[in-house]
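# Chain and residue survey
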Amino acid sequence: MRKIYIAPSVLSMDFSDFAGALREIDDSGADWVHLDIMDGQFVPNLTFGPKLVEDLRNKSASFFDVHLMINTPEKLIPAFAKAGADGITFHLEAAVHAHRAAGMIRELGKKAGISIVPSSPVCLIEELLSGLDLVLVMTVNPGFGGQKMIPECLEKVKKLARIREKRGLSFLISADGGIDAGTAGAVLAAGADVLVMGSAFYGAADRKALVERARNSR
Ligand code: DX5
Ligand code: ZN
């Protein structure tokens, strides 16, 4: 049985209490902390930068899964690596030289990920897969938490799982957007290894139970 990673997104937390929100993740039994970085250009929203990641790094030993929703990610990849990211995922649509950017992440000793928005097909990243540790399939249009999943995006998760098997590759498949206890089963059935959860996680009365339920919903 493959390992499933639950990655709560801090986007839906109370931004006035980052440390507390991080503790909630650690206490819930979740595996990763998903940190959404938005620049107000690539996506119509703004969040935070490397300084906050660095400060949070001192407060958690969890895997920091940094999701860059920023233009020209190459410029800031070194700063997020230095801040303590364990994995750095950037958007194919935001990088001119995605191959170079992925290589840069690995050279910095971090796990390299590429994300695709709902309108981007899997074929755009097929040549890059052997150099990746993770592919993040956006299951909503990026920019905001609390949106409804676009179920058609799960076809891309399925396609990636098929390609991975056929080519004997080992990248993880992550799905991000609109995942909750109700949709997690379909996402896992499609072949995802990582479930990012923002609003469902912070909105749950019992976060531990949600994490358990999502993990076992396949
Ligand atoms: C959206 C972000 C997501 C977001 C998911 O652009 O990349 O990580 O936090 O939030 P939910 O789970 O509420 O869709
Ligand atoms: Zn995200």
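Residues numbered from 1 in each chain as written. Chains lettered and ligands numbered in written order. Predicted model: local features only at pLDDT ≥ 70, side-chain atom pairs only at ≥ 80, totals over all residues. Heavy atoms only, no water.

### Examining the sheet that holds strand β2 (residues 32–38)
Going by this rule: In this description, strands pair whenever DSSP reports at least two bridges between them. Helix and strand assignments come from DSSP, with helices taken as H or I runs of at least 4 residues and strands as E runs of at least 2, each series counted from the N terminus. For helices, the fitted axis covers only the stretch in contact; all axes are lines through C-alpha atoms, and the angles between them, taken along N-to-C directions, range from 0 to 180 degrees.
Spatial strand order, β1-β8-β7-β6-β5-β4-β3-β2: eight strands in an open sheet with parallel pairing. Two strands bound the open sheet, and with one partner strand each, they are β1 (5–8) and β2. With strand direction ignored, the average angle separating the axes of adjacent strands in the sheet is 20 degrees. Pairing analysis gives five bridges linking strand β4 (residues 87–91) to strand β5 (residues 111–116), with the strands arranged parallel.

### Considering the site of ligand 1
Heads up, the rule is: A single heavy atom is enough: if one lies within 4 Å of a molecule or strand, its residue is considered near that molecule or strand. Here a polar contact is recorded for every N or O atom pair within 3.5 Å, except that within protein the pair must consist of a potential hydrogen donor and a potential acceptor, and residues adjacent in sequence are included only if both atoms are side-chain atoms. Nonpolar residues are Ala, Val, Leu, Ile, Met, Phe, Trp, Tyr, Cys and Pro. Charged residues are Asp, Glu, Lys and Arg, and all others, Gly as well, are polar.
Not every one of the 20 residues close to ligand 1 is listed here, only the nearest: Gly143, Gly146, Asp176, Gly198 and Ser199. Within the side chain of Asp36, one N or O atom sits 2.8 Å away from an oxygen atom of ligand 1. Residue Gly198 places a main-chain N or O atom 2.8 Å away from an oxygen atom belonging to ligand 1. Of the residues forming the shell around ligand 1, the biggest block, three residues, is contributed by β2. Classifying every residue of the shell around ligand 1 gives eight nonpolar, 10 polar and two charged.

### What to know about the side chain of Lys156
Convention followed: The rule is simple: take the accessible area with a 1.4 Å probe, protein chains only, and divide by the maximum for that residue type; under 20% is buried, over 50% is exposed, in between is partly exposed. Only four residue types enter the charge count: Lys and Arg as positive, Asp and Glu as negative, with His and the chain ends excluded. The salt bridge definition used is simple: a Lys or Arg side-chain nitrogen within 4 Å of an Asp or Glu carboxyl oxygen. By definition, residues are in contact when any of their heavy atoms lie within 4.5 Å.
Tracing the backbone through its elements, the reader meets Lys156 in helix α5 (residues 154–167). Salt bridges are absent for the buried Lys156, whose nearest opposite-charge side chain, Glu93, sits at 6.7 Å. Discounting chain neighbours no more than four positions away, the residues touching Lys156 are Ile116, Val117, Pro118, Ser119, Ser120, Pro121, Val122 and Val137.

### Topic: the nonpolar core
Applied cut-off: What is meant by a nonpolar core is a set of buried Ala, Val, Leu, Ile, Met, Phe, Trp, Tyr and Cys residues, joined one to another through side-chain atoms within 4.5 Å.
Of all hydrophobic cores here, the largest spans 69 residues; its most connected members are Leu35, Leu68, Phe90, Ile125 and Leu160. The element best represented in this core is α5, accounting for five residues. Beyond its immediate chain neighbours, meaning those up to four positions away, Ile125 contacts Leu92, Ile114, Ile116, Val135 and Leu160.

### Focus on the environment of Ser115
On the secondary structure map, Ser115 appears in strand β5. Separated by 59 residues in the primary sequence, Ser115 and Ser174 have C-alpha atoms spaced 8.8 Å apart. When near neighbours in sequence (up to four residues on either side) are disregarded, Ser115 contacts His67, Thr89, Phe90, His91, Leu92, Glu93, Leu136 and Met138.

### A word on the packing of helix α1 (residues 18–28) against helix α8 (residues 207–215)
We count it as follows: Should an angle lie under 35 degrees it is considered roughly parallel, over 145 roughly antiparallel, and from 65 to 115 roughly perpendicular; all remaining angles are considered oblique. A clockwise turn of the near helix away from the far one marks a right-handed crossing, whereas an anticlockwise turn of less than a right angle marks a left-handed crossing.
Across the interface, α1 lies against α8 with an axial gap of 8 Å and an inter-helix angle of 55 degrees. The angle between α1 and α8 falls in the class oblique. Relative to α8, the crossing made by α1 is right-handed. In contact with Glu24, Asp27 and Ser28 of α1, α8 contributes Arg207, Lys208 and Val211. Tallied by class, residues from the contact of α1 with α8 come to one nonpolar, one polar and four charged.

### Quick word on the pairing of strand β3 (residues 63–69)
Side-chain direction in a regular strand flips from residue to residue, so the side chains alternate between the two faces of the sheet. Note the following rule: Looking down the strands as they point away from you, a crossover is right-handed if its path from the first strand over the helix to the second goes clockwise.
For β3, the buried fraction is high: six of the seven residues fall into the buried class. Of the strand pairs in this sheet, β2 and β3 are connected by seven bridges, and their pairing is parallel. Residue pairing in the sheet places Asp36 in a bridge with His67 of β3. For the segment spanning β2, helix α2 (residues 50–57) and β3, crossover handedness is right-handed. Examined bridge by bridge, β3 and β4 share four bridges and lie parallel to one another. Bridge assignment links Val66 to a residue of β4, and that residue is Ile88.

### Thoughts on the coordination of the zinc ion (ligand 2)
Going by this rule: Coordinating donors are taken to be N, O and S atoms lying within 2.8 Å of the metal, or within 3.2 Å when the metal is Na, K or Ca; because water is excluded from the atom set, some sites may appear incomplete. For a four-donor site, all angles between 85 and 135 degrees give tetrahedral; for four or six donors, opposite pairs above 155 degrees with the remaining angles between 65 and 115 give square planar or octahedral; all remaining cases count as irregular.
Each protein donor to the zinc ion (ligand 2) is listed here as His34 (NE2), Asp36 (OD), His67 (ND1) and Asp176 (OD); together their distances run 2.1 to 2.3 Å. Taken together, the six donor atoms surrounding the zinc ion (ligand 2) define angles of 71 to 170 degrees at the centre, an arrangement classified as octahedral.

### Here's the deal with the packing of aromatic side chains
The condition is simple: A pair of aromatic rings is counted whenever rings of Phe, Tyr or Trp (Trp by its six-membered ring) have centres within 6.5 Å, and the orientation is called stacked for planes under 30 degrees apart, edge-to-face for over 60 and tilted otherwise. Only when the NZ atom of a Lys or the CZ atom of an Arg is both within 6 Å of the ring centre and within 35 degrees of the ring normal do we say a charge sits over the ring.
In total, this model carries six aromatic pairs according to the counting rule given. When the ring of Phe201 is compared with that of Tyr202, the centres are 4.9 Å apart and the planes differ by 85 degrees; the resulting orientation is edge-to-face. For the pair formed by Phe201 and Tyr202, the shared burial category is buried. Members of the aromatic cluster, connected to one another through ring pairs, are Tyr5, Trp32 and Phe63. Here the guanidinium or amino end of Lys3 rests over the ring plane of Tyr5, the centre of that ring lying 4.8 Å away. Directly above the aromatic system of Phe64 lies the positively charged group of Arg57, at a separation of 3.8 Å from the ring centroid.

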